[in-house]
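Below are the chains, spelled out letter by letter.
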Amino acid sequence: MRRVCSYSVFVLILFLLFPSCTHAMNHPRHFYEEKGKAIWDVPTHSKYMAITFDDGPSIKYTPEILKILEEYDARATFFVVGTRVQQNPELIRAMVESGHELANHTFHHPNFTGITKEEIIKEIDFTSEVIEDITGVPPKLFRPPGGVYNDIIVDTANEEGYMVVMWSWHQDTKDWQSPGVPKIVNTVLSNAKNGDIILFHDFGGNRSQTVKALKQILPELIEEGYQFVTVSELIQKHVNYRILNGFGE
Ligand SMILES: [Zn+2]
């Protein structure tokens, strides 16, 4: 009896000392970057950047954005949500035909904090299927909702054949908060560097500031010599492409 008790106390102390044992391990970003499991920025020798849009497509704002991108001969990457892909097949086809990349941003955009491996696989696979049904091409880049990352999320996406793509922390426009066009423009222009991955949203409220900001940002950065490529193209320009385990070859 006494031995059982002391064993229980020992287990309780262990649990109090290491409560994180019950949760997914969360490493700092460099842990994933160094292993080529996820990217935030892509170091490149030349002036390349990737513009990304999350949460769409939006029947209202995505066509406007496509028009601006075409005007400046810029390619972008759209991290689309599966349910909205299903609702807008024509728009999805137009995006691909214009040379843009479609990437996986889950099917329902659930909260990824504490999500299980099984749920992640379902969210990724459903989205991949609807994108491939419409375009004939499965996506190969994945961005978790809310920028949440840990071992389960990154490893599962990698196992499903995806590169995990976050964004340059100095290029988080926070456009979803409608901070004003000058603020969005200033965030991007004052921080611009080779290999940046810029974060915008084309769905989730009034995105007119995003549209207006793009009209100012694109000509300015093109004037500075930058070219806008898809994230997959940017990855291939990585100064140490080998660390990405030949991804995208
Ligand atoms: Zn999102």
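The coordinates are above.
Small disclaimer: the values here were computed from a predicted structure and weren't measured.

What counts and how
- Residues numbered from 1 in each chain as written.
- Predicted model: local features only at pLDDT ≥ 70, side-chain atom pairs only at ≥ 80, totals over all residues.
- Heavy atoms only, no water.
- Helix = DSSP H or I, 4+ residues; strand = E, 2+ residues; numbered from the N terminus.
- Contact = heavy atoms within 4.5 Å.
- Areas by Shrake-Rupley, 256 points an atom, 1.4 Å probe, with all protein chains shown as cover.
- Donors = N, O, S within 2.8 Å, 3.2 Å for Na, K, Ca; no water.
- Buried < 20%, exposed > 50% of the residue type's maximum accessible area, 1.4 Å probe, protein only.
- Core = buried A, V, L, I, M, F, W, Y, C linked by side-chain atoms within 4.5 Å.
- Phe/Tyr/Trp six-rings, centres within 6.5 Å; stacked < 30°, edge-to-face > 60°.
- Polar contact = N/O pair within 3.5 Å; in protein donor to acceptor, adjacent residues only side chain to side chain.
- Salt bridge = Lys/Arg side-chain N within 4 Å of Asp/Glu carboxyl O.
- Arc of directions from axis to C-beta.

Peer 1: Would you mind showing me how to read the overall build of the protein chain here?
Peer 2: The secondary structure content of the protein chain amounts to 10 helices and eight strands. Considering only intrachain contacts with a sequence separation of at least 6, the fraction spanning at least 24 residues in the protein chain is 76%. A total of about 12500 Å² of accessible surface is found on the protein chain, and carbon and sulfur atoms cover 55% of it.

Peer 1: Whenever I open this one, the coordination of the zinc ion confuses me. Can you help?
Peer 2: For a metal bound by four donors in tetrahedral geometry, the ideal donor-metal-donor angle is 109.5 degrees, whereas six donors in octahedral geometry ideally sit at 90 or 180 degrees. Distances from the zinc ion to its protein donors, namely Asp55 (OD), His105 (NE2) and His109 (NE2), fall within the range 2.1 Å. Sequence spacing of the donors to the zinc ion: D-x49-H-x3-H. With Asp55 in the loop between strand S2 (48–54) and helix H3 (62–71) and His105 in the loop between strand S4 (101–104) and helix H6 (117–135), this pair connects stretches of sequence that are 50 residues apart. Here the two residues Asp55 and His105 agree in accessibility, since each one is buried.

Peer 1: In this structure, what is going on with the nonpolar core? I would like to understand it.
Peer 2: Note that soluble globular proteins tend to have their nonpolar side chains buried in a common cluster. Ranked by size, the top nonpolar core spans 36 residues in total, and within it Ile51, Phe53, Leu69, Phe78 and Phe200 carry the most contacts. No other element matches the six residues that helix H9 (residues 208–223) contributes to this core. Not counting the four nearest positions on each side in its chain, Phe200 is found in contact with Ile51, Thr52, Phe53, Asp54, Thr173, Asp175, Ile184, Val188, Thr210, Leu214 and Ile217. Core analysis: the second largest hydrophobic core is formed by 18 residues, Ile39, Trp167, Ile197 and Val231 among them.

Peer 1: Help me understand the packing of aromatic side chains, please; the structure alone is not making it clear to me.
Peer 2: To describe a pair of aromatic rings, you give the distance between the ring centres and the angle between the ring planes. This structure, assessed with the given rule, holds nine aromatic pairs. Summarising the aromatic geometry, the rings of Phe112 and Phe142 are spaced 6.1 Å apart at their centres and angled 35° between planes, so their arrangement reads as tilted. Highlighted residues: Phe112 in the loop between S4 and H6 and Phe142 in strand S5 (residues 141–142), separated in sequence by 30 residues. One exposure class covers both Phe112 and Phe142, and it is buried. Aromatic ring contacts, followed pair by pair, group Phe31, Tyr32, Trp40, Tyr149 and Trp169 into a single cluster.

Peer 1: What's the story with the environment of His100 in this structure? I'm lost.
Peer 2: Looking at the secondary structure, you find His100 in the loop between helix H5 (89–97) and S4. Looking at His100, the relative accessible area reads 7%, which means it is buried. Distance from His100 to Ala76, taken between C-alpha atoms, is 5.2 Å for residues 24 residues apart in sequence. Only 3.0 Å separates the side chain of His100 from the backbone nitrogen of Ala76, close enough to count as a polar contact.

Peer 1: Just to check I follow, could you spell out unusual backbone geometry for this structure?
Peer 2: Residues other than glycine predominantly adopt negative phi, and peptide bonds predominantly adopt the trans conformation. The peptide bond linking Gly56 to Pro57 adopts the cis configuration, its omega dihedral lying at 5°. Within the element layout of this structure, Pro57 appears in the loop between S2 and H3. A positive phi is found at Asp55, a non-glycine position, where the angle reads about 80°. Of note in this structure, Ser178 is not a glycine but carries a positive phi near 45°. Among the structural elements, Ser178 can be located in the loop between strand S6 (163–165) and helix H8 (181–191).

Peer 1: What's the story with the pattern of salt bridges in this structure? I'm lost.
Peer 2: Where side chains of opposite charge bring their charged atoms close, a pairing between them can arise. Taken as a whole, this structure holds eight salt bridges when the rule is applied. For Arg29, the salt bridge identified is with Asp41, shortest N-O distance 2.8 Å. Taken as a pair, Arg29 in helix H2 (residues 29–34) and Asp41 in the loop between strand S1 (38–39) and S2 lie far apart in primary sequence, 12 residues in all. Owing to a relative accessible area of 16%, Arg29 belongs among the buried residues under this scheme. Across the salt bridge formed by Lys37 and Asp155, the nearest N and O atoms sit 2.8 Å from each other.

Peer 1: Before we go on, may I ask you to explain the environment of Gly180 in this structure?
Peer 2: As for its position among the elements, Gly180 is in the loop between S6 and H8. Assessed through its relative accessible area of 16%, Gly180 is described here as buried. Separated by 29 residues in sequence, Gly180 and Gln209 place their C-alpha atoms 6.5 Å apart.

Peer 1: I keep staring at H3 and nothing clicks. Help me out?
Peer 2: Owing to its 3.6 residues per turn, the α-helix brings residues three or four apart onto one side. All of the buried residues along H3 are Thr62, Ile65, Leu66, Ile68 and Leu69. Projected down its long axis, H3 carries its buried residues within an arc of 165°, all on one side. In H3, the exposed residues that point more than 90 degrees away from the buried face are Lys67, Glu70 and Glu71. Against S2, strand S3 (76–80), H5 and H9 lie the buried residues of H3. One or two positions beyond H3, positive phi appears at Asp73, with a value near 50°.

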